Amino acid sequence: MAESPSSFTIPDTLPVVPLREMVVFPYMVIPLFVAREASIAAIEDALAGDRLLLLVAQRDCEIEDPDPDDLYQVGTVATVMRMLRMADGRVKVLVQGLAKAEIESFVEQERSLWVRVGSLPVDDETDWCVEGEALVRTVRARVEELLPLKNLPPEVLSITANVHDAGRLADLVASNLKLRLTEAQEILEIVDPLARLRRVDALLKRELEVTTVQAEIQAQAHGEVSRSQREHFLREQLRAIQAELGETDPRGEEAEEYRSKIDEVGMPEEALAEAIRQLKRLERMHPEGPEAQVVRSYLDWMVELPWSTVSPDCLDLVSARAILDEDHAHLDPIKERILEFLGVRKLRGDSRGPILCFVGPPGVGKTSLGRSIARAMGREFVRISLGGVRDEAEIRGHRRTYVGALPGRIIQSLKQAGTSNPVFILDEIDKLGADFRGDPSSALLEVLDPEQNSKFSDHYLNVPFDLSKTLFIATANLLDSVPNALRDRMEVIRLPGYTPEEKVAIAKTYLIPGQVEEHGLPSDRIKWSPNSVTDIVTEYTREAGVRGLERQIASICRKTARRAAEGDESGVIVNRRNLQRLLGPPPYSEEKPAEIGEIGLVNGLAWTESGGEVLSIEATMTPGTGLVLTGQLGDVMKESGAAALTYARGRGPKLGFDESIFQSHEVHVHVPAGAIPKDGPSAGIALATAMLSLATLTPVRADVAMTGEVTLRGRVLPVGGVREKALAALRSGITRLILPKKNLQDLQDFPRELKRKMTFIPVEDMEQVIENALERDRAESRKKQARSRRRGSTGTVASARSR
């Protein structure tokens, strides 16, 4: 039979059993499962003596072997009522709390921990008072109210009804409430019975409120049987409990994480205010709601954008020039422009980035030059292709009201770059489209305007983003399709096509070493003869850039790599003799001009996206009237033909032919390669020359090519693409070029060594063209032969008549 607290004396020393997450109160009977060796030894010591021991809670339940500092100072003296050893080595004991005691010091023992204790005042019967009686009744009422909600044992209500002592009632109620360790220990350490009961009443009140909220949540969730609804109910229940207990919940942790990221990224004031506003909205929303996912996605974009992150520029101009020369041959105007920008940047750190537009035929290195510029400046490189883009939202983004909305490709690329000042390539800007979804080129007006892009507004972000530090580089093959307003915002730098000599140099310096390495070959496996690369350039490619040339070199490297893979380690020598075996017959044999000119056949010149081309314009006369133009010609070229015919009709008296010839004959002009569309005014003087050659029966010089627009009065107007046309003429073996006088300035950057091979004839009117294009001497001899043939035929007829 256990002793009552008032019928025993607490010894000076007692063995100690530390408890995890548990506080034992006086009068409390509870079973304990003991596994630690020191605790088992303490129980055995108690059984060997007066069966008394001290039960003390340890501060940290994770500590396996607690030190004296790990234990609370106040515990409960308990008696061991029964002990049972279990099969797994643990010990099950039944203990009853008797009285409180305070640890004064620790006594060293070999097997167990002993302490020297001092008793605390025992809760004797206190004098009756109004406050005490009120507290007792209040606590009993709260216990009765809490009983059905917490599923407490029914006997608790009858026990509390028979307990009149305030201190004992407080210990009894506290032992049946599942309190946190610190709260239970706090009640145990309170000596004053009324104060202890007052604290228990406060905890009862809180527990009752929490339980009531829990009951309300359960009532609201009643009938929801789906899995998602059940999860929602459990989350709300957990949130309500954590809120009542003052604990943090995952939503609070998420909000704090967003808040710390917002503080770190350095947003401008307007973006910061919007981010904070959206974060407050998220805190008020249900975490699993669809709108919460939209706000969460928006905040993810806001905190991941490089608002204030910039990469430092490499301002060493010598090093930058070396990098540009290492990656690209020639292209000196562009390299000079980049070095100028770096020079200004070095003198003024806050200068805005230029907005450049590289215009040139395919394959001349526009896009790769942007990557080289980024490397020279030490900046990140990003690129977006605008070819075929027809939706304005691709640039500005979608508004967040749409499902699956995202920022535009400008903002997405900046996030990818991780800095706000990358080198940004807008590739193929001339191939933008437009339809019912908007005009992307109009959206680019803000992006490429230095006065506006410091506050670029993406529809998704809905706050300004600074693009002024970004170096934008647009690329295009033609400027004709680029709107004037957009073209006005860019600094246009034209990249002309490469000359054959430049292509040979690029192939030897860049393409051949790169392809040899790409195919895993040793650098000395392929030997190139001095003329082999030149033959590939002139006979196997016909382009302004070097992509086709690179493909032909790659073809040779592939064949060599296959031989090496089959075990043939011998080297390969590429020369004129085995070039056809490696690459097949040359598709572009060297074009040699005719040695003798023909009547009505003129060498015209055209400009294409791939460079210049020579057009053989043929004209003939047949009985009839009017003008026929064939060869899939555009409207502008047809109008040039009509203007040329009108001019030719008016030159009869001066050039010595009967102008009525055009009234009795149909003029048919054909431009070969009829499947290829052709247009533009630059063939005007060639068309007029062909018609005048027919009228005067004068051959056109075979070594002359010409370009220029003609007016009704015979004036020759300037045209574009003169440099590419001159290269095309030289490639075809033509050494004399008639061009408008105002186009001479376009040949300033024409290679000096090629200028020596050509004769440029500047003209201002058609008379100068005729003087340099028609073979007058051969025309006179032909006329004399025709007259003599007519006289001979007349004599023959007369003699026949006389006979």
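On a predicted model such as this, the values are computed, not experimentally measured, just so you know. (Residues numbered from 1 in each chain as written. Predicted model: local features only at pLDDT ≥ 70, side-chain atom pairs only at ≥ 80, totals over all residues. Heavy atoms only, no water.)

S.K.: It is not clear to me how the sheet that holds strand β23 (residues 736–740) should be interpreted in this structure. Could you clarify?
M.R.: Two pairing modes exist for strands in a sheet, parallel and antiparallel, and in both the strands are linked by backbone hydrogen bonds. The strand order across the open sheet formed by seven strands is β18-β19-β17-β16-β20-β23-β24, and the pairing between neighbours is mixed. The sheet terminates laterally at β18 (627–630) and β24 (759–763), the two strands that pair on one side only. Going across the sheet, the axis of each strand differs from the next one's by a mean of 30 degrees, ignoring polarity. In terms of strand pairing, β18 meets strand β19 (residues 665–670) through four bridges, oriented parallel. Counterpart to Thr630 in the pairing with β19 is His670. Against the sheet, helix α22 (residues 635–649) makes contact with β18 and β19, and its axis sits at roughly 145 degrees relative to β18, the strand it touches most. Where helix α28 (residues 766–773) meets the sheet, it contacts β20 (704–706), β23 and β24, and its direction lies at approximately 175 degrees from that of β23. (Pairing = 2+ DSSP bridges. Helix = DSSP H or I, 4+ residues; strand = E, 2+ residues; numbered from the N terminus. Axes fitted to C-alpha atoms, helices over the stretch in contact; angles between N-to-C directions. Contact = heavy atoms within 4.5 Å.)

S.K.: Looking at this model, I keep getting lost on the packing of helix α11 (residues 317–327) against helix α13 (residues 366–377). Mind explaining?
M.R.: Pairs of packed helices are described in terms of their axes, by the angle between the two and the distance that separates them. At a minimum axis distance of 8 Å, the contact between α11 and α13 shows a crossing angle of 155 degrees. Overall, the two elements α11 and α13 adopt an arrangement that is roughly antiparallel. Classified by chirality, the crossing of α13 by α11 is right-handed. Between α11 and α13, the residues in contact are Ala320, Ile323, Leu324, Glu326 and Asp327 and Ser372, Ile373, Arg375 and Ala376, respectively. Looking at the contact of α11 with α13 residue by residue, the class counts come to five nonpolar, one polar and three charged. (Parallel < 35°, antiparallel > 145°, perpendicular 65-115°, else oblique. Left-handed = near helix turned anticlockwise from the far one by under 90°. Nonpolar A, V, L, I, M, F, W, Y, C, P; charged D, E, K, R; others polar.)

S.K.: Which parts of the structure should I look at to understand helix α26 (residues 722–731)?
M.R.: Helical geometry note: an α-helix holds 3.6 residues per turn, so side chains three or four residues apart project in the same direction. Burial runs high along α26: nine of the 10 residues are buried. Val722, Arg723, Glu724, Lys725, Ala726, Leu727, Ala728, Ala729 and Leu730 are the residues of α26 that are buried. Where α26 ends, the next residue or the one after it, Gly733, has phi of about 90 degrees, a positive value. (Buried < 20%, exposed > 50% of the residue type's maximum accessible area, 1.4 Å probe, protein only.)

S.K.: Please explain the sheet that holds strand β7 (residues 355–359) as it appears in this structure.
M.R.: Taken in spatial order, the five strands of this open sheet run β8-β9-β12-β7-β13, and their pairing is parallel. Here the strands that pair on one side only, and so sit at the sheet edges, are β8 (381–385) and β13 (491–494). In this sheet, adjacent strand axes meet at a mean angle of 20 degrees when their direction is disregarded. In terms of strand pairing, β8 meets strand β9 (residues 423–427) through five bridges, oriented parallel. Opposite Ser385, over in β9, you have Asp427 as the bridge partner.

S.K.: Help me understand the pairing of strand β12 (residues 471–476), please; the structure alone is not making it clear to me.
M.R.: In regular strands, side chains alternate between the two faces of the sheet. Buried residues dominate β12, accounting for six of its six residues. Because side chains alternate across β12, one face comprises the buried residues Leu471, Ile473 and Thr475, and the other comprises Phe472, Ala474 and Ala476, equally buried. Across five bridges, the pairing between β7 and β12 is parallel. Across the sheet, the residue bridging to Val359 is Ala476, located in β12.

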